[in-house]
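If you want the building blocks of each chain, they are given just below.
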2 protein chains.
Amino acid sequence: MIDTSRFLSDLHHLRSFGAQGTGVVRPAYSAPDLAARDWLAGRMAEAGLAVHFDAMGNLFGLAQSPSLLLGSHSDTQPTGGWLDGALGVIAALEIARASHMAGGPAISVVSFQDEEGRFGGTTGSAVWSGLLPLAEADVVRDAGGVSLSEARCLLGDRVGSDVDPAQFTGFIELHIEQGPTLDAAGEQIGVVTDIVGYREMMVTLTGQQNHAGTTPMALRRDAFQGLSAFNARLNDRLRNVVTPQSVWTIGHVAVAPNASSIVPGQVRFSMQLRDGDKDRLGRMQAIIEETLNEVATEMNLGVELEPSLALDPTPMDATLRARLEAGAEVVAPGRWRRMPSGALHDATNVARLMPVAMLFVPSIGGISHAFEEDTNEADLVVGLRVLAEAVGVKE
Amino acid sequence: MIDTSRFLSDLHHLRSFGAQGTGVVRPAYSAPDLAARDWLAGRMAEAGLAVHFDAMGNLFGLAQSPSLLLGSHSDTQPTGGWLDGALGVIAALEIARASHMAGGPAISVVSFQDEEGRFGGTTGSAVWSGLLPLAEADVVRDAGGVSLSEARCLLGDRVGSDVDPAQFTGFIELHIEQGPTLDAAGEQIGVVTDIVGYREMMVTLTGQQNHAGTTPMALRRDAFQGLSAFNARLNDRLRNVVTPQSVWTIGHVAVAPNASSIVPGQVRFSMQLRDGDKDRLGRMQAIIEETLNEVATEMNLGVELEPSLALDPTPMDATLRARLEAGAEVVAPGRWRRMPSGALHDATNVARLMPVAMLFVPSIGGISHAFEEDTNEADLVVGLRVLAEAVGVKE
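The rules behind each value
Residues numbered from 1 in each chain as written. Chains lettered and ligands numbered in written order. Predicted model: local features only at pLDDT ≥ 70, side-chain atom pairs only at ≥ 80, totals over all residues. Heavy atoms only, no water. Helix = DSSP H or I, 4+ residues; strand = E, 2+ residues; numbered from the N terminus. Rg over C-alpha atoms; globule rule 2.2 N^0.38 Å. Contact = heavy atoms within 4.5 Å. Areas by Shrake-Rupley, 256 points an atom, 1.4 Å probe, with all protein chains shown as cover. Lys, Arg positive; Asp, Glu negative; His and termini not counted. Charge placed at Lys NZ, Arg CZ, Asp CG, Glu CD. UniProt positions renumbered as here; feature names shortened; annotations may be inferred. Buried < 20%, exposed > 50% of the residue type's maximum accessible area, 1.4 Å probe, protein only. Buried area = accessible area lost by both parts, 1.4 Å probe. Salt bridge = Lys/Arg side-chain N within 4 Å of Asp/Glu carboxyl O. Polar contact = N/O pair within 3.5 Å; in protein donor to acceptor, adjacent residues only side chain to side chain.

### Section: the overall build of chain A
- When you go through chain A residue by residue, the secondary structure sums to twelve helices and 19 strands.
- Its C-alpha atoms give chain A a radius of gyration of 22 Å, near enough to 21 Å, the size a compact globule of 395 residues would have.
- Taking the principal axes of its C-alpha atoms as reference, chain A extends roughly 75 × 50 × 40 Å.
- Residue pairs in contact within chain A that sit at least 24 positions apart in sequence constitute 78% of those at least 6 positions apart.
- Summed over all atoms, the accessible surface of chain A reaches about 13,700 Å², with 53% contributed by carbon and sulfur.
- Chain A carries 29 positive and 48 negative side-chain charges, and their two centres are separated by 2 Å.

Dropping the structure here:
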C-alpha cells in the first residue's frame, strides 16, 4: 500500500537540503546535493533496494531485475523550486518501497545528476544513455570555471561500477508541468505524448571597446547594440515560422567590460530554442544564424557561434503511455489530458535505451525554475496514485 | 628648464604599477594604485613640494601659496590605458619640478582619486569640491560590494587634514583626447572650450523569472526583452533631438538569474548620456524616462530608476584658456584647435572652486578606456611644452 503521508514527509525532507525561503539551492555536486543523495541512498536501502552510484553520481536504487525504472533528478537550478525533479524521485521511492513491502512488481529508482545543466543539461542521463561520452563531458566548465571532472571528484568512494540498462524494462518519469496549461484548465494530470526538441548555442559578438563620452555614435562598434538589434530582428522573423508552442530565449548575457562609461567591446549570450517539430527547429536555427551574420556585417562586428547541445523531439512509448492514461482515468476521471512536454527531461536521453513515458501534475501559475514554484498537495498525491496504478502497485 | 626625457621616463615608470600587456589595471584604492601614489609622493617631495593626502586619498604636492594647481588622476579603468589621467599628473610633476629648480612660478600638483568611478565617477574631486558630501559617498559600493568607506581604510596613516582650495589661483588639466578628432585631423593640441554635461542612471526592469521551455512566448514577462525593446525604441526617438556630438550608452548590463534555460526575471543596466547643452540633456533624459515607462507598461514589467550623478556642461575660464591658446600657437602653430570635451574630467568639479582650463593631445585611432590606448611620444612632449608655456615655466 502506498503511504501518501510518508511520501509527503519524504518530499518535504528532501526540500530541506539547500532550502532558501520557499525555494531550494541544490546545484549538482554542491554540498546540499551530495548530502541529499546520501539521505536518498539511505531511504532506498530501507526500502529494500540495492544502492548504487555511477561515475557521474547518478544514484540508483536497484530491485531484482528485470524491473521498471522510475525516477527523475534531485539537483536543482541555481535558484530553483522544491518540486522540479524531487517529486519524481520521491514518488518513485514511495512506490518502490510500497511494492517491496507488499511483494508487488520489482521497481527500481533513479535520481539522475545535473539535469539542470551546471555542466550542460541532463548531463547525468546523457552520459548514462551513451549520448555524451564522459571524457567529452569532463572538460565542460561551469560558470565559475570548475570542470565536471573536478566536481565529480567530490563523489569520492561513493562511486561504483556502471549500471547496466538491460536490467530495466522501461522508464517512467513523474514531473511537475512547469507550465500554465494544467493549472489554467483546472486539470490534475498531463500524460506526455512527446518531449519537444531543443537547440542551444552560445554566441559571441565582438566590436570595439571604447570611451563612452568621446566616441561618436556613428563611429561605434557596440557589441550590446549588436545583440539588441539581432534580438529585435530575430523576433520579427521567427513569428513567421513558429507555432504557439515554439519558444526561444536569450537567458544568459555577459557584457564586457560591463562598465557604464565604456562602449561594450564584446557580448556573449545564450540562444535557446525548443519546438516539437525537428524540421521547424532546423528552420529556426537557420534564421538565427542568417540574422546573426546579417547584423554582424551591417554593424561591423565579429560573430562566433560555439557548438552546443541539440536534442530532437522524442515520442513517448505507446504501451507505457496507455498504462498512464488508464491510471489517469481511474484516479482523475475527466481531469487529465494528453500534452507535449515543452521542457527537456532525462526521459529524452533514457529513450535511447528503453521504452519511456512521462506524466505531469500542475504547476501553480505555471511558475517553475523560481523560488515560487509550487503544486497543490492534492495534485502531488494524485500524481503519485496515477503512477502507482500505471505500474500495478496497489494503493 | 623642463626635461622631456625625465618626463617620459616618469610616465613609463607610473605605467609599471598595475601594468598588463600594453594596458594598466590600477583602479582606485587597489594595491597598484596605492603603490603608485606612494611613488608619486616621493617624486613630489624630491621636486620640493609638500606632500599631502586628504581623506579621499587625493594626493597633493603643494608649493608655497598662492600657486596654480596642475594635475589629473592616477587611478585607471578596470581594464584601462596607460595615459588616461597619468599624462596630466606626470606633466604637472615635471613642470612643478622644473619651476622649483629654476626659481620659476609656484606650481602645485594633484592626483585626484577614483576619477574612473569605482565608486561613482570623479569621486575624489567631487568630494574635494563640495559637490558630493563624503558621508554620502562613503556608503556607495563597488561592483564587488566593497563600500568607499571600507576602501578608504586602506589609506591608513597617509591621510592628513583637508587641503584649502583658497591657496590655488586656478587649475589646468592636460589629458589625452580619448576621441578621434585630433588624430583624424593630424593635429597635436586641442584647447578645451567646455566639458559636456553628463547624466547617468541605473535602471532595473523586473518581470517574472520562469522556465524557458514551458512558458509560452505570449505569457512571458521577460526582463531582457524589455531592455531590448526599450533600447531599440530609445535609439529611434533620440535621433530626433540629438546632435552628432550627443552620445548615449548602455555599458553595464546584469541579467538575473542569467541562466540559458530561464526566462530572465530581472535586468539592471546603466543608461548614460552626454551633451554640451544642458536643455538637450534634459530633453534626452525625459525621453528615456517616458520610453522606459511606456515599454514597462506594454510588457507588464516593473521599472525602477536609481538617482545618480548629474553634471551640467562646464565652460573653461577665458583667461587660462587664452594662455593655453597662446602656448599652442607658439609650440604647435597651425596644428591645434578649440574643441569641447566629450569626456567628463576632474576639472568639471574643480570649476566649482576656481578658474579651470584643459588641453588635449591626440589619442591614436581615438581609442581609450582600453588596453590599446596610446599617443605618439612627440605629441606627449608637445602637450607638456604647451602647458609649460601657458604657466610661464621656461623650456
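### Details of the UniProt feature "binding site: Zn(2+) 2" (unreviewed entry) in chain A
- UniProt tags Asp84(A), Glu116(A) and His369(A) as "binding site: Zn(2+) 2" (unreviewed entry). Their sequence span is 286 residues, while the largest C-alpha to C-alpha distance among them is just 9.5 Å; these annotated residues converge on one region.
- Looking at where Glu116(A) falls in the secondary structure, it is placed in the loop between β6 (107-112) and α4 (123-128).
- Among all residues touching Glu116(A), those that are not within four sequence positions of it are His73(A), Asp75(A), Thr76(A), Gln77(A), Asp84(A) and His369(A).
- As for its position among the elements, His369(A) is in the loop between β19 (356-361) and α12 (377-391).
- A relative accessible area of 3% places His369(A) in the buried class.
- With residues near it in sequence (within four places) discarded, His369(A) still touches Gln77(A), Thr79(A), Asp84(A), Glu116(A), Gln178(A), Gln209(B), Asn210(B), His211(B), Ser261(B) and Ile262(B).

### With respect to the interface of chain A and chain B
- The interface is formed by 56 residues belonging to chain A together with 56 residues belonging to chain B.
- Across the chain A/chain B interface, buried area totals approximately 4,500 Å², and carbon plus sulfur atoms make up 50% of it.
- Summed over the shared surface of chain A and chain B, the number is zero salt bridges.
- Counting across the chain A and chain B interface gives 33 residue pairs in polar contact (both at pLDDT 80 or more).
- Listing elements by their share of the side of chain A that touches chain B, those giving two or more residues are β9 (197-206), β10 (210-211), α8 (223-238), β11 (247-249), β12 (253-256), β13 (262-263) and β14 (266-275) of chain A.

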